[in-house]
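This is what each chain is made of:
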Amino acid sequence: MSSYSIDNLPDEALPELSDLTGDVRILAEIVGVRMALKISERFDGTPARLFGHRRWLIRFRDCQIRAEYDKGGVSGVDLARRYGLSDRHIWTILGKMPGEDRQLRLF
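Residues numbered from 1 in each chain as written. Predicted model: local features only at pLDDT ≥ 70, side-chain atom pairs only at ≥ 80, totals over all residues. Heavy atoms only, no water.

Student: Lay out helix α3 (residues 53-71) in plain terms, naming residues and giving numbers.
Tutor: Given a rise of 1.5 Å per residue, 19 residues ought to cover 27 Å, and the 28 Å separating the end C-alpha atoms of α3 matches this to within 8%. Where the residues of α3 are buried, they touch α4 (76-83) and α5 (87-95). (Helix = DSSP H or I, 4+ residues; strand = E, 2+ residues; numbered from the N terminus. Expected span 1.5 Å × (residues − 1). Contact = heavy atoms within 4.5 Å.)

Student: Account for the pattern of salt bridges, naming residues and giving values.
Tutor: For the structure shown, the criterion picks out 7 salt bridges. The residue aspartate 11 makes a salt bridge to arginine 34 at a minimum N-O spacing of 2.6 Å. Taken together, the residues aspartate 11 in the segment before α1 (22-31) and arginine 34 in helix α2 (residues 33-43) connect sequence positions 23 residues apart. When the shortest N-O distance is used, the salt bridge between arginine 82 and glutamate 68 registers 2.1 Å. Of the two residues, arginine 82 is situated in helix α4 and glutamate 68 in helix α3; the sequence distance between them amounts to 14 residues. Given the relative accessible area of 18%, glutamate 68 is considered buried. (Salt bridge = Lys/Arg side-chain N within 4 Å of Asp/Glu carboxyl O. Buried < 20%, exposed > 50% of the residue type's maximum accessible area, 1.4 Å probe, protein only.)

Function cannot be read off these values alone, since they describe shape.
Listed below in structure tokens is the structure:
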């Protein structure tokens, strides 16, 4: 393995965004060229699928639904329309106790 690292490259040695291709370019558009290359260096050709963001978005949405309902003045049907969910799904969300969506890990 070489002693060279993305961390050691001066800014003028980094490629322009337009020089990057594929997933590294998409990543660089989000986090910047240096960080994208550091992530690429770390995974070093290993295919990586990054999951997990959806869980946080759903958790936030469910908390918003709970807060709006608890304030009063809004029905489950109103919330269903506002959030694009079925009224049954709204009632399922409202029926959960806070923290109940945490499943224990097997490993």
